[in-house]
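The residues making up each chain are set out below.
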Amino acid sequence: MTAIAKGFETGHRTEFSVEAEKAVLVSVALPGRPWVLETDPCDEIRGLTEAAGAKVVAELTQKRQEIHLATYIGSGKVNELKELVEASDADVVVFDNDLYPAQGRNLEKALGVKVLDRSELILDIFATRAQTLESRLQVELAQLEYSLPRLKNMWTHLSRQKGGGIGLRGPGETQLEEDRRLAGKRIGDLKEKIAEVQGRKEREVKSRREEFTVSLVGYTNAGKSQLMNTLTKAEVLVKNQMFSTLDTRTRQWHVKDFGKVLLSDTVGFIRELPHHLVASFKATLEEARQAKLLLHVVDASNPQAEQQILAVTAVLKELECDKNPTLLVLNKVDKVTDRSTLDVLLKHHPKAVTVSGLTGEGIDTLTDTVIEMLSRNFVDAEIVAATSNGKAIAYLNAHAEIYRQEYRDDDVIFRCVLSKHLVHHVQATGAKVTVLK
C-alpha cells in the first residue's frame, strides 16, 4: 500500500510538511486580491512559513492582471523562480496564493522541488499544533478534504507505464480508485467522530448557559492568551508565534463588583482561512458561538490591524456568531511606536478600548466596559413563588440580586435584579415572573 493510502487508512499526516526545510516564498497580487501590506507583500506568508518550522531563504513577488492557467505566474517568472531555487539550494517553494492542482504539478515539474500553496501551509501548521483528539480529528478531516480533488495528479507517473489515456488508465487508475475509496471511508469515519465530539461540546457549553460567558476571538498572534493570563491569572501558553495553540481554554475570571465570568481563549483566525478548516473547527469554536460577549482582540501595533479586523469579522460571520455582542479590544498598545496609527484605529472604531495584556495598561477600563455590556442583559423583576417552592427560592438566592422580599398568604414575593437569560429558568421552577418597566 502506498504512503498516501496508508495515510488515509491510519490517519497519519503524509503531506504538506515543510519543517526544517529551506523555502522560497512567492506572493502574487491580482486586481481582486491586492497585497495587504504593499511595503512587504511577504510579511504574513513569511510568518506562516517560519511558524511551520522552515527557513526562508528567498522571496519573489509579482503583480498580474490575471493568473497564468498553467503555472499561476508567467513563464519568465517561473525561470526567475527556478534560478532563485537553485541559487539558494531551496527544498520547497511556498505560494501566498491558492493553486489549482495542475498548477502545483506543473510548477514542481519546472522547478524540481516541492511546491505548496497557502492552504497547504496553513494545514501543515494546524497539523503540527494539534494536541487534543478533537483538534487532531478536525485537522485530519480538513487535510483529506483538501487532498481528495488532488489525488488524480498523484498517480500520473503510473499511467504513463501502460498508456494511460484521458481519464488516467492502467495502474494509475487502479491506485487512484483505491486511494479515493480509502479517503472517502476515512472522511466518513472522521465526520462521525467529529459529530460525536461536537454533540458533547454543545452539551458542555449549554450546561454553562446560566453562567456569564465571554470569549476572546481575534487574528492569530493578537495577544489573546497573554490577555487571558492577565485577566484570570491563568498560565496558558504564550508564544510569539502564529497558531501557537488550536484548543479552546476556559478559565474563571473573577470580576470585581460583578462576580464570576467564564473566559474562553479560542483559536486565532487569519485571512483566507481554508474553508475546510473553518467547517471542521466549528466544534472547537462552540464557546464563541454561545458566548454572551465576544472580546475581539486586535494587535494595535500591527500595520495590517484594520485588514485583520475585517478578516476576523468575515470568519465570525461564517461561524454565524457575528450577531453576538462584541467589544473591540486594541491590544499591545505598549508596542505602538506611532501614536497616530492608534488614533486612526480609534477614529474608525470609537467604541474600542485600548489595553496591553503584557503591562496591564487599560485593564481597568476593559473590565468596566465588560461589566457595563454584560449588565445590559439584566432586568428588574418581581417574582412570586409559593413558600413551599424551595427550588425557586434557592435558585433566586443563588442567581439574583434580591433587594426586597415580603410574604403574602402562602406566597413569597421577591423584587430583584436578574439576568435576562435566566428568566425562563426561574419560570421553569413554577414561579411567576413579571419584568418591571
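Here the structure is a predicted model, which means the values were calculated and not measured.

> With reference to specific residues and values, describe the side chain of glutamine 304.
Structurally, the position occupied by glutamine 304 is in the loop between strand 8 (293-299) and helix 12 (305-318). A relative accessible area of 5% places glutamine 304 in the buried class. Setting aside chain neighbours within four positions, we find glutamine 304 in contact with Val36, Leu37 and Asp43.

> With reference to specific residues and values, describe the sheet that holds strand 2 (residues 55-63).
What the four strands build is an open sheet, ordered 2-1-3-4; its pairing is parallel. Both edges of this open sheet fall to strand 2 and strand 4 (114-116), since each of them pairs with a single strand only. On average, adjacent strands in this sheet sit at an angle of 20 degrees to one another, irrespective of strand direction. Sitting on the sheet, helix 4 (residues 101-111) touches strand 3 (92-95) and strand 4, and the angle it makes with strand 4 is about 145 degrees.

> An account of unusual backbone geometry is needed here, citing residue identities and associated values.
Positive phi, normally seen in glycine, also occurs at tyrosine 72, with a value near 70 degrees. Tracing the backbone shows tyrosine 72 in the loop between strand 2 and helix 3 (75-88). In this structure tyrosine 72 comes out as buried when scored by relative accessible area, which is 6%. Of note in this structure, aspartate 409 is not a glycine but carries a positive phi near 55 degrees. Position of aspartate 409 relative to the elements: it lies in the loop between strand 12 (401-408) and strand 13 (411-419).

> Requested: an account of the pattern of salt bridges, with residues and values cited.
Applying the stated criterion across every chain, the model contains 24 salt bridges. The closest approach of N and O atoms between lysine 77 and glutamate 80, which form a salt bridge, is 3.3 Å. Taken together, the residues span about one helical turn, with lysine 77 and glutamate 80 both in helix 3 at a distance of three residues. Take glutamate 80: its relative accessible area is 35%, and that puts it in the partly exposed class. Notably, a salt bridge pairs lysine 185 with aspartate 189, separated by 3.2 Å at the nearest N-O pair. Highlighted residues: lysine 185 and aspartate 189, both in helix 8 (residues 171-206), separated by four residues, approximately one helical turn. What you see here is one network of salt bridges that share partners, running through Arg33, Glu44, Asp96, Arg118, Arg271 and Glu272.

Calculation notes
Residues numbered from 1 in each chain as written. Predicted model: local features only at pLDDT ≥ 70, side-chain atom pairs only at ≥ 80, totals over all residues. Heavy atoms only, no water. Helix = DSSP H or I, 4+ residues; strand = E, 2+ residues; numbered from the N terminus. Buried < 20%, exposed > 50% of the residue type's maximum accessible area, 1.4 Å probe, protein only. Contact = heavy atoms within 4.5 Å. Pairing = 2+ DSSP bridges. Axes fitted to C-alpha atoms, helices over the stretch in contact; angles between N-to-C directions. Salt bridge = Lys/Arg side-chain N within 4 Å of Asp/Glu carboxyl O.

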